[in-house]
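# Notes for the structure review
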Amino acid sequence: MLNISAIWTVFILLLLLAFVNGQFFSLCAVDDFVGVGRRYDGIGGLSGGSATSKLLIGYPDKQRNEVLDYLFKPKFAASLQILKVEIGGDSQASDATEASHMHVEWEENYQRGYEWWLMEEAKKRNPDIKLFGLPWAFPGWVGNGTQNPYYDRQKLATYIYKWIRGADVYHNLTIDYIGMWNERWYDAEAIKVLRKTLDDNGYSNVFIVASDLDFGIVDYMTSDAVLSSVVDFVGAHYPGVLSPDSAKLIGKQLWSSEDFSTVNDEVGGGCWARILNQNYVQGLMTSTISWNLIDSFFEGLPWDRTSLMTAREPWSGNYVVESPIWMSAHTTQFTEPGWRYLPHGHGVGMLNKGGSYVTIVSPDLTNLTIVIEAMSHDHSICIRPELPAYTVTDQVVIFNFAGAFENITELYLWYSMLTFDNSTPTHFQSLGTIAVSNGQLTLIVEVDHVYTLTTVSDGQHGQHDPPPPSAPFPLPFVETFEEYPLSAEPYLLAPQQGSYDVVDVGGVHKKVMRQMVLQPPIVWCVQTLYFNATLNLLGRFNWTDVEIAVDVKVGAVNGTNGVYIGARIDNGGCTTYASKGIFFFIFPNDDIYLLANDIKATNIILAGRDTGAIVTDWNRISLSVKGSQAVGSCNGVELFNVTIPLTPANGLVGVGTDTYGYADFDNIELSQADGPSATVYSGKNDKKKTLLFETERP
């Protein structure tokens with residue numbers, strides 16, 4: 001226990017200094033005299049929007065489990081209480097596409113992608129974690145070929161219901177919360193149809209969150225009693241810690257159902273600490289969910305490091321536990337969903353000299369946790385919305401405990417000191433216990449510090465052994481797809497348009513990667529609306545001289561027109577349509593090939609026809625780019641050796657199709673241009689056996 005009497009002299013001096021500088025006390029009552037406030041619903045992270053957790057499943061077992069512990073294991077690190085995931089819709093939604101459970105209307109598959117796996121891993125660590133699903137985009141058939149998912153409300157409701165049922169039946173996962181469409185317009189009648197569909201099929205326990213855009217839906221709920229009855233939680237995105245009075249009075253729990261989106265450095269940690277408190281203090285929001293959960297996608301794609309932690313090198317096993325992980329721990333390790341906030345003025349409020357505090361108590365009022373943040377303006381700026389000016393200074397805070405809490409004699413104290421001058425920060429460290437004397441506790445709160453006072457004794461700054469050092473994507477590299485279960489999405493390829501599943505075609509090739517999308521989806525990225533090519537990326541954004549070789553085959557039925565391989569690809573995400581690089585296309589049914597400087601093939605470097613090299617079955621195509629030269633071949637026949645533009649100078653490599661439709665890819669080989677080959681072939685259809693790394697496939 002900290003000896004208060006031993007440091008009383010220090011307190012007196014600091015208090016005198018506070019008076020001299022005009023820094024008066026913050027007096028904070030902590031009591032239940034007017035009961036308790038709103039229910040605390042938990043802090044969460046969002047995997048999706050899109051494919052932000054893409055690379056994590058490909059990590060070696062040891063490091064993968066460590067990362068999952070930092071995110072989900074109770075009393076260890078972030079100890080997240082909600083996991084929100086994207087319901088894949090076969091379309092780009094920020095960083096990549098996520099696979100739908102129903103590429104086409106007549107089939108269902110609940111093994112695609114990695115969100116099922118991630119939810120299972122979260123549940124292994126914390127059986128009480130809440131699960132939340134939300135679509136960003138939809139397969140085109142949902143809207144009957146239109147861009148309107150509400151075209152047939154029952155079809156939409158059935159599509160979402162089947163995902164919930166698939167989680168239950170195939171993965172033993174209970175989905176707790178469901179939404180309709182991320183950050184797009186809502187349809188009141190569609191929400192009602194979804195509620196009825198869930199109720200009619202035995203899923204009345206699933207709560208609806210709406211509208212995952214802003215608080216505008218509240219105006220409709222006030223005039224539509226049925227809509228109000230079926231919306232269980234009002235979820236808004238990036239509210240800037242504020243909610244309108246109409247929302248506060250609607251009688252529903254309010255959530256910041258997507259927030260943060262800020263680089264996970266010390267300023268990002270300050271942003272996260274501030275909004276976790278102030279979303280309730282100022283906006284009465286009882287849950288805050290971070291987009292995104294983890295930066296586990298290729299560097300160079302949009303929204304780099306806007307996450308709670310970073311793990312984007314499965315080839316090395318390196319990862320970084322960033323400051324937002326520990327800002328989460330200040331609350332999550334000492335609370336549980338279902339606890340209650342105390343009322344404003346009785347345990348919740350703003351501090352006199354800046355900063356905020358919240359008190360969250362157990363239902364029986366036997367446990368109490370107070371979280372205090374004193375983040376300065378410039379050190380807690382989130383990416384959105386704009387943060388109005390304010391000031392914070394060091395201050396003395398006196399907590400007066402009364403009512404159900406009057407007999408507390410000591411509290412455990414944890415603190416974090418975020419730093420911005422290249423000095424070493426302190427993240428989530430225990431200071432033991434601090435005495436509560438005659439119902440009073442005095443704490444000196446310093447700027448850019450976060451504190452937790454709690455009766456809960458088992459918090460932990462969990463720590464695994466340091467991960468392996470960072471390393472570049474290794475060359476040479478080979479992917480044969482033989483190690484994957486059917487319907488899996490290959491771990492080290494990141495689809496930017498289209499959706500790619502592992503399928504078994506038998507014969508020599510056995511397992512291959514197939515592009516599965518047959519028609520334009522209902523998009524989330526409006527920029528991609530009229531762009532129907534597909535792209536699957538891998539590698540490093542700073543590659544310049546590289547060679548890629550791939551076996552390709554256009555589908556005989558519902559096939560695309562052409563396929564391509566590319567290097568120095570400079571774009572992904574919602575701007576995939578604007579990608580430049582060096583793209584080598586072949587159109588087997590027309591015996592045509594071309595080399596282009598952009599993915600749309602509007603800037604053609606050369607084009608030709610070859611009736612001998614290109615066949616309508618499997619083709620082995622290769623592209624070597626070095627300096628200002630590109631060499632391309634098909635089935636061992638050189639088709640071109642030409643000078644190419646030097647812009648872009650570097651980028652990722654990729655494969656894709658010129659339109660939506662089936663196409664198969666196999667035996668991807670990457671190497672440095674004029675460097676060692678990844679393997680030696682005895683024939684173009686031989687399976688290669690070299691793997692990037694050995695890891696157990698989950």
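Here the structure is a predicted model, which is why all the values come from computation and not from measurement.

Basis of the calculations
Residues numbered from 1 in each chain as written. Predicted model: local features only at pLDDT ≥ 70, side-chain atom pairs only at ≥ 80, totals over all residues. Heavy atoms only, no water. Pairing = 2+ DSSP bridges. Helix = DSSP H or I, 4+ residues; strand = E, 2+ residues; numbered from the N terminus. Axes fitted to C-alpha atoms, helices over the stretch in contact; angles between N-to-C directions. Salt bridge = Lys/Arg side-chain N within 4 Å of Asp/Glu carboxyl O. Buried < 20%, exposed > 50% of the residue type's maximum accessible area, 1.4 Å probe, protein only. Right-handed = clockwise from strand over helix to strand, strands pointing away. Disulfide = S-S within 2.5 Å. UniProt positions renumbered as here; feature names shortened; annotations may be inferred. Core = buried A, V, L, I, M, F, W, Y, C linked by side-chain atoms within 4.5 Å. Domains from an automatic or database assignment. Contact = heavy atoms within 4.5 Å.

### Describing the sheet that holds strand β25 (residues 534-538)
Spatially, the seven strands line up as an open sheet ordered β22-β25-β34-β27-β28-β29-β30, and their pairing is antiparallel. Strands with a single pairing partner mark the edges of an open sheet, and in this sheet they are β22 (494-497) and β30 (604-609). Across this sheet, the average inter-strand angle for adjacent strands is 20°, counted without regard to direction. Bridging between strand β27 (residues 563-569) and strand β34 (residues 652-657) involves five bridges; their strand directions are antiparallel. Its bridge partner lying in β34, Tyr564 is registered against Gly656.

### Quick word on the pattern of salt bridges
With the rule as written, the count across this model stands at 28 salt bridges. Note that Arg39 is salt-bridged to Asp41, the shortest N-O span being 2.7 Å. Among the residues examined, Arg39 registers a relative accessible area of 30% and is labelled partly exposed. Relative accessible area serves as the criterion here: at 3%, Asp41 is assigned to the buried category. The salt bridge involving Arg112 is made with Asp501; its shortest N-O contact spans 2.7 Å. Residue Arg112 is found in the loop between β3 (82-87) and α3 (115-125), and its partner Asp501 is found in strand β23 (residues 500-504); the two are separated by 389 residues along the sequence.

### Overview of the pairing of strand β8 (residues 253-260)
Here β8 lies mainly inside the structure; eight of its eight residues are buried. Across five bridges, the pairing between strand β7 (residues 233-237) and β8 is parallel. Across the sheet, Phe233 pairs through a bridge with Gln253, a residue of β8. In the classification by handedness, the crossover that spans β8, the intervening helix α9 (residues 266-281) and the parallel strand β9 (residues 285-291) is right-handed.

### What about the state of the cysteines?
Applying the stated criterion across every chain, the model contains two disulfides. In this model Cys271 forms its disulfide with Cys382; the gap between the sulfur atoms is 2.0 Å. What sets the handedness of the Cys271 and Cys382 disulfide is the S-S torsion sign, and at about 105° it is right-handed. Taken together, the positions of Cys271 in helix α9 and Cys382 in the loop between β15 (368-373) and β16 (395-401) put the pair 111 residues apart, joining distant regions of the chain. Each member of the pair Cys271 and Cys382 is classed as buried.

### A word on the UniProt feature "domain: Glycosyl hydrolase family 59 catalytic" (unreviewed entry) in the chain
UniProt's feature table lists "domain: Glycosyl hydrolase family 59 catalytic" (unreviewed entry) at residues 40-333, given in the numbering used throughout. In this annotation, residues 40-333 is assigned 33% helix and 18% strand; the end-to-end C-alpha distance for the span is 14 Å.

### A few points about the nonpolar core
Core analysis: the biggest nonpolar cluster contains 182 residues, and Phe72, Leu83, Ile178, Phe584, Leu595, Leu623 and Phe640 have the highest contact counts within it. Among the elements that make up this core, the one with the highest residue count is helix α4 (residues 153-171) (eight residues). Split by domain, this core shows at least three residues from each of two domains, domain 1 (38-370) and domain 2 (477-682). Ignoring any residue separated from it by four or fewer positions in sequence, one finds Phe640 in contact with Phe584, Tyr593, Leu595, Leu606, Leu623, Ala630, Val631 and Gly632. Of all hydrophobic cores here, the second largest spans 26 residues; its members include Ala374, Val392, Leu413 and Leu453.

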